[in-house]
There are 2 protein chains.
Amino acid sequence: MGKKLFILLAMGALALCGYPAIAAGGDSGQKITRSGDLATVNGPDSYFTGEVRVTQLYPANNKMRSSGGKVTFQPGARSNWHTHPVGQVLLVTEGVGRTGEWGKPVQEIRAGDVIVCPAGVKHWHGAAPDSAMTHISICEETEPGKVVEWLEKVSDDQYNQQ
Amino acid sequence: MGKKLFILLAMGALALCGYPAIAAGGDSGQKITRSGDLATVNGPDSYFTGEVRVTQLYPANNKMRSSGGKVTFQPGARSNWHTHPVGQVLLVTEGVGRTGEWGKPVQEIRAGDVIVCPAGVKHWHGAAPDSAMTHISICEETEPGKVVEWLEKVSDDQYNQQ
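Anyway, here's the lowdown on the structure attached to this text.

Some thoughts on the overall build of chain A
Thinking step 1. Check the secondary structure of chain A and you find 2 helices and 13 strands.
Thinking step 2. Buried positions account for 49% of the 162 residues belonging to chain A.
Thinking step 3. Of the roughly 6,900 Å² that chain A leaves accessible, carbon and sulfur atoms contribute 52%.

Structure, rendered in structure tokens:
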């Protein structure tokens, strides 16, 4: 894999699902990370439209292949179109948002909803036009750090498609 | 595996991590489960002390091997001691709780904290004596439905160990 592609994939993992794959580091016991010590970054313009903040929750490790992140989209903000090699689960924790799947109408999602996106399904997710939305995102990887393939931006027409 | 053991393991998966393994059922697109349609059950006395409610969030499927559940412990309530064959992640979403690891002091956990428990580590988790606590639990399986091995109850002395 080229270096540039690897960096893009690692950024993708960071942006939507948490850390790229990091070995647990030989710590044999429970690890507690306090909320104040979790790292939060801006979702990059190359993968998102609008104001997006991503908090890394937990990495994949040498046993668990899932990783998790918390993503907050301000009103109108959304991810690019993308697919996941294994799949993704979204747990909406706050607000109202939207999700789109290629060739299907946009759906509203609300706090408490659970969205399961199978492997290879082209989709996007983000906030509603008039509400912020926060979700926890859980992805799994089969190669270290490879949890998402980023595609084109979601146009305003696609975002508003009924 | 004996039928009784299988039922116990399946109940264990249900209680701490969500559904036991259920195939995605051939639906090739995104599946949205509304919050009102999520099933909530009491945590059984055989695996928990005190009042515990478990909401099934998402199952493992034919690609993703993680499953997730939301667990609310009323003050003083806690799980039994247990281990996980692959590991577990707890995302504390509300309140104040406690977690214990065999041979180590009990630790307080609070909303926003993330706890990663490696495979095979004997631990428990629950509410504080004077506060309810809710966490999301994510486990992974290597055999269908096998995400936890339940052990003995956490005594009052162990619950209060400093």
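A closer look at the relation of the copies chain A and chain B
In this arrangement, two copies of a chain are superimposed by a rotation about an axis accompanied by a shift along the axis.
Thinking step 1. It takes a turn of 180° to lay chain A on chain B, together with a shift of 0.0 Å along the axis; the resulting RMSD is 0.0 Å. Such a combination of turn and shift is consistent with a two-fold rotation axis. When C-alpha positions in chain A are compared against the rotation axis, the closest is assigned to Ser66 of chain A, at 3.5 Å.
Thinking step 2. A share of 100% of interface residues in chain A that are also interface residues in chain B marks the association as one of identical surfaces.

Let's talk about the packing of aromatic side chains
Thinking step 1. Taken as a whole, this structure holds 10 aromatic pairs over all chains when the rule is applied.
Thinking step 2. Judged by centre distance (4.9 Å) and plane angle (75°), the rings of Trp81 of chain A and Trp102 of chain A are edge-to-face. Remark: Trp102 of chain A occurs in the loop between strand E8 (87–101) and strand E9 (107–110) and Trp81 of chain A occurs in the loop between strand E6 (78–79) and strand E7 (82–83); sequence separation between them is 21 residues.
Thinking step 3. The class for Trp102 of chain A is partly exposed, based on a relative accessible area of 46%.
Thinking step 4. Each ring, one from Tyr47 of chain B and one from Trp150 of chain B, has its centre 4.6 Å from the other, and the planes form 10°; the classification is stacked. Taken together, the positions of Tyr47 of chain B in the loop between strand E2 (40–42) and strand E3 (48–49) and Trp150 of chain B in strand E13 (residues 149–150) put the pair 103 residues apart, joining distant regions of the chain.
Thinking step 5. By relative accessible area, which is 14% here, Trp150 of chain B ends up buried.
Thinking step 6. One aromatic cluster in this structure is built from Tyr47, Phe48, Phe73 and Trp150 of chain A.
Thinking step 7. Across from the ring centre of Tyr159 of chain A, 4.5 Å away, lies the NZ or CZ of Arg78 of chain A, which sits over that ring.
Thinking step 8. Here the guanidinium or amino end of Lys122 of chain A rests over the ring plane of Trp102 of chain A, the centre of that ring lying 3.7 Å away.

What about the pattern of salt bridges?
Residues and elements named next belong to chain A.
Thinking step 1. The full count for this structure, using the stated rule, is 12 salt bridges over all chains.
Thinking step 2. For the salt bridge of Lys122 with Glu152, the shortest nitrogen-to-oxygen distance reads 3.0 Å. Of the two residues, Lys122 sits in the loop between strand E10 (114–118) and strand E11 (123–127) while Glu152 sits in the loop between strand E13 (149–150) and helix H2 (156–159), which places them 30 residues apart along the sequence.
Thinking step 3. For Glu152, a relative accessible area of 35% corresponds to the partly exposed category.

Things to note about the interface of chain A and chain B
Thinking step 1. Each partner contributes to the interface: chain A provides 46 residues, whereas chain B provides 46 residues.
Thinking step 2. In total, chain A and chain B occlude about 3,500 Å² of area from one another, counting both sides; carbon and sulfur atoms represent 56% of this.
Thinking step 3. Across the contact surface, chain A and chain B share 2 salt bridges.
Thinking step 4. Residues Asp113 of chain A and Arg34 of chain B are paired through a salt bridge, measuring 2.6 Å at the closest nitrogen-oxygen approach.
Thinking step 5. Joining chain A to chain B, the criterion identifies 22 residue pairs in polar contact (both at pLDDT 80 or more).

Digging into the nonpolar core
Thinking step 1. Formed by 22 residues in total, the largest nonpolar core has its most connected members in Tyr58 and Leu91 of chain A together with Tyr58 and Leu91 of chain B.
Thinking step 2. Those elements giving two or more residues to this core turn out to be strand E4 (52–58), E8, E10 and strand E12 (133–140) of chain A together with strand E4 (52–58), strand E8 (87–101), strand E10 (114–118) and strand E12 (133–140) of chain B.
Thinking step 3. The contacts of Leu91 of chain B, once residues within four sequence positions are left out, are Leu57, Tyr58 and Ile136 of chain A together with Asp113, Val114, Thr134, His135, Ile136 and Ile138 of chain B.

Some words on the pairing of strand E5 (residues 66–73) of chain A
Residues and elements named next belong to chain A.
Thinking step 1. Taken across its 8 residues, E5 has 6 buried, putting it largely inside the fold.
Thinking step 2. Of the pairings in the sheet, the one linking E4 to E5 comprises 6 bridges and is antiparallel in character. Each bridged residue has a counterpart across the sheet, and for Gln56 the counterpart in E5 is Gly69.
Thinking step 3. Alignment of E5 against E12, held across 8 bridges, turns out to be antiparallel. Bridging across to E12, Ser67 finds its partner in Cys139.

Notes on the pairing of E10 of chain A
Thinking step 1. For E10 of chain A, the tally of buried residues reaches 4 of 5 residues, placing the bulk of the element in the interior.
Thinking step 2. Judged from the 5 bridges that link them, E8 of chain A and E10 of chain A form a sheet pairing that is antiparallel. Directly across from Leu90 of chain A, in E10 of chain A, lies its bridge partner Ile115 of chain A.
Thinking step 3. Strand direction decides the pairing type here: E10 of chain A and strand E1 (residues 31–33) of chain B, joined by 3 bridges, are antiparallel. Note on E1 of chain B: the bridge partner recorded for Val116 of chain A is Lys31 of chain B.

Parameters and conventions
Residues numbered from 1 in each chain as written. Chains lettered and ligands numbered in written order. Predicted model: local features only at pLDDT ≥ 70, side-chain atom pairs only at ≥ 80, totals over all residues. Heavy atoms only, no water. Helix = DSSP H or I, 4+ residues; strand = E, 2+ residues; numbered from the N terminus. Buried < 20%, exposed > 50% of the residue type's maximum accessible area, 1.4 Å probe, protein only. Areas by Shrake-Rupley, 256 points an atom, 1.4 Å probe, with all protein chains shown as cover. Least-squares fit on C-alpha atoms with pLDDT ≥ 70 in both. Contact = heavy atoms within 4.5 Å. Phe/Tyr/Trp six-rings, centres within 6.5 Å; stacked < 30°, edge-to-face > 60°. Lys NZ or Arg CZ within 6 Å of the ring centre and 35° of its normal. Salt bridge = Lys/Arg side-chain N within 4 Å of Asp/Glu carboxyl O. Buried area = accessible area lost by both parts, 1.4 Å probe. Polar contact = N/O pair within 3.5 Å; in protein donor to acceptor, adjacent residues only side chain to side chain. Core = buried A, V, L, I, M, F, W, Y, C linked by side-chain atoms within 4.5 Å. Pairing = 2+ DSSP bridges.

Function-wise, these values are silent; they only describe arrangement.
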